[in-house]
Amino acid sequence: MSRGHTALVYEDEPARFGAALAASKLRTGGGASVGPLRRDDDFDPPELPGPEWVRIQPRLSGICGSDLAAVNGQSSRWFEPIISLPFVPGHEVVADHDGTRVLIEPVLGCAARAIEPRCDPCAAGDLGNCERLANGCIEPGLQTGFCESTGGGWSTEMIAHPSQLHEVPAELDDESAVMVEPAACALHGALAAGVSPGESAAVIGAGTMGLAAIAALARWTPPSALLVAAKHGHQRELSLELAGPVPASAVEPSEIVRASRRLTGSMMLGSGAHQRVAGGVDVTIDCVGTAESLRAALAITRPRGRVVVIGMPGVTTVDLTPLWQREISVRGAYTYGTESLGGEQIRTFALAMELVASAGLGRLVSATYPLERATDALVHAATAGSRGATKIAFDTRSKK
Ligand SMILES: [Zn+2]
Ligand SMILES: [Zn+2]
């Protein structure tokens, strides 16, 4: 066991969760400097929990919205039984394993946990729905990056189960490879929307998730028309680029109801926070997951339409009357596993590698930081949209 590794460790210090929450309310990303994340320059990577497990050395590891929620003390208590502290964050990881570049599929399901027989979702290839996230040969943890036993990508060494590893194709550089995990989440949500030919769609939010969802819709289930709500100019431009041949318009979030009226030829009803269209788009993909975005999704989706929630909502207050009165179906989309596409069953990760390459999603990596500049990196990630950026990642390649 070699000490002397560097890792950012998320510690079990409830007092610092409170401080992080308070600081993040004063300033976006403010929890980064006072929160429960600490740098350890004499980090001891975890022991291997079984004979199959291997050591890997991260190259790039992305910062995800769920990481920012944790760092800022905003995580839902829902996670408590399915994480274990302390953990090293980082689940969007491209790493080295014995001279080979690998990607991690971070969900810690029955295979990684040495649980036999596997639970029904794992047996069906729906890894993200595993029912044994708190059992088996490792500590509780829904994914690598939230589990004490595995380490995580925000470090110079971690461990992985071989079932989690995918070799990176030569045509993907490291920046592209680090986009595969978030692209897999987004495309799982985009396919869950089940857009049929002739149906219209809306995507709310154009950060990493929204942009990758747009690229996935355009590639596999192109809607007849696409409406995108995005806060920032560069996000609206990228949205239209990634929509490719799909007729698309991109507007500021405050314009989404009026734009959906134009798109669907529907009528407006109500005013202010209750403004909506009488009809609406067939399906809306919410890549933000706030009260505001959920309210907008319900305001622009037609009766009996569908809403897919990719953004992590947390504790929020939303008037669900439209869900009832318009018989709208709302479903979540979390991680990935296996997708049904054209009558075939395909691993989401395989599709994500294809999508990242064909849509050039590596360009969404806007900046990388060494672990030593964690605070700068986390603040940049928390304010990415307003700074013209999309994905921020940690870069440990200089350590090799
Ligand atoms: Zn994530
Ligand atoms: Zn399972």
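Now for a look at the structure at hand. Keep in mind that what you see is a predicted model, and the values were worked out from it rather than measured. Along every chain, residues carry numbers that run from 1 in the direction the sequence is written. A letter from A marks each chain and a number from 1 marks each ligand, given out in the order of writing. Two thresholds apply to this predicted model, a pLDDT of at least 70 for residue-level local features and 80 or more for giving and counting side-chain atom pairs, whereas whole-chain, interface and lining totals are computed over all residues. The side-chain quantities take in all heavy atoms of the structure and omit both hydrogens and water.

Considering the packing of aromatic side chains
Working step 1: Two aromatic rings, drawn from Phe, Tyr or Trp (for Trp, its six-membered ring), form a pair once their centres lie within 6.5 Å of each other, and the interplanar angle then sorts them: stacked below 30 degrees, edge-to-face above 60, tilted otherwise. For the coordinates displayed, the defined rule picks out four aromatic pairs.
Working step 2: Between Tyr10 and Phe87, the ring centres sit 4.8 Å apart and the planes meet at 10°, which makes this aromatic pair stacked. Taken as a pair, Tyr10 in strand E1 (residues 5-10) and Phe87 in the loop between helix H3 (65-71) and strand E4 (93-97) lie far apart in primary sequence, 77 residues in all. For the pair Tyr10 and Phe87, one class covers both residues: buried.
Working step 3: Linked through ring pairs, Tyr10, Phe87 and Phe146 together constitute an aromatic cluster. Going along the chain from the N terminus, every DSSP run of H or I of four or more residues is numbered as a helix, and every run of E of two or more is numbered as a strand. Any residue under 20% of the maximum accessible area for its type is buried, any over 50% is exposed, and the rest in between are partly exposed; the area is computed with a 1.4 Å probe on protein chains only.

Things to note about helix H9 (residues 256-264)
Working step 1: Listed as buried for H9 are Ile256, Val257, Ala259 and Ser260. Take H9 and look down its axis: the buried residues cluster within an arc of 160°, on one side only.
Working step 2: Immediately downstream of H9, the backbone of Gly265 shows phi near 65°, a positive value. The arc refers to the directions leading from the helix axis to the C-beta atoms.

So, the coordination of the zinc ion (ligand 2)
Working step 1: Note that water is not among the atoms used; donors are N, O and S atoms within 2.8 Å of the metal (3.2 Å for Na, K and Ca), so sites may look incomplete. Looking at the zinc ion (ligand 2), the protein donor atoms are Cys110 (SG), Cys119 (SG), Cys122 (SG) and Cys130 (SG), and they sit 2.3 to 2.4 Å from it.
Working step 2: Around the zinc ion (ligand 2), the four donor atoms are arranged such that angles at the metal cover 102 to 116°; this shape is classified as tetrahedral.
Working step 3: Counting along the primary sequence, the residues that act as donors to the zinc ion (ligand 2) give the motif C-x8-C-x2-C-x7-C. Remark: Cys122 occurs in helix H4 (residues 120-123) and Cys110 occurs in the loop between strand E5 (100-104) and H4; sequence separation between them is twelve residues. As far as burial versus exposure is concerned, Cys110 and Cys122 are alike and both buried. Tetrahedral means four donors with every angle between 85 and 135 degrees, whereas square planar (four donors) and octahedral (six donors) require angles over 155 degrees between opposite donors and between 65 and 115 for all others; sites fitting neither are termed irregular.

Quick notes on the pattern of salt bridges
Working step 1: By salt bridge we mean one thing: a side-chain nitrogen of Lys or Arg within 4 Å of a carboxyl oxygen of Asp or Glu. Evaluated as defined, the whole model comprises 22 salt bridges.
Working step 2: For Arg59, the salt bridge goes to Asp96, with nearest N and O atoms at 2.8 Å. Here Arg59, found in strand E3 (residues 54-62), pairs with Asp96, found in strand E4; they are 37 residues apart in sequence, far enough to count as distant.
Working step 3: Looking at Arg59, the relative accessible area reads 18%, which means it is buried.
Working step 4: Look at Asp96 and you get buried, because its relative accessible area is 13%.
Working step 5: Glu105 is paired through a salt bridge with Arg347; the nearest N and O atoms lie 2.7 Å apart. Of the two residues, Glu105 is situated in the loop between E5 and H4 and Arg347 in strand E17 (residues 344-347); the sequence distance between them amounts to 242 residues.

Quick notes on the coordination of the zinc ion (ligand 1)
Working step 1: Taken together, Cys64 (SG) and His91 (NE2) make up the protein donors of the zinc ion (ligand 1), found 2.1 to 2.4 Å from the metal. With Cys64 in the loop between E3 and H3 and His91 in the loop between H3 and E4, this pair connects stretches of sequence that are 27 residues apart.
Working step 2: You can call Cys64 buried: its relative accessible area is 16%.
Working step 3: With relative accessibility at 3%, the residue His91 sits in the buried group.

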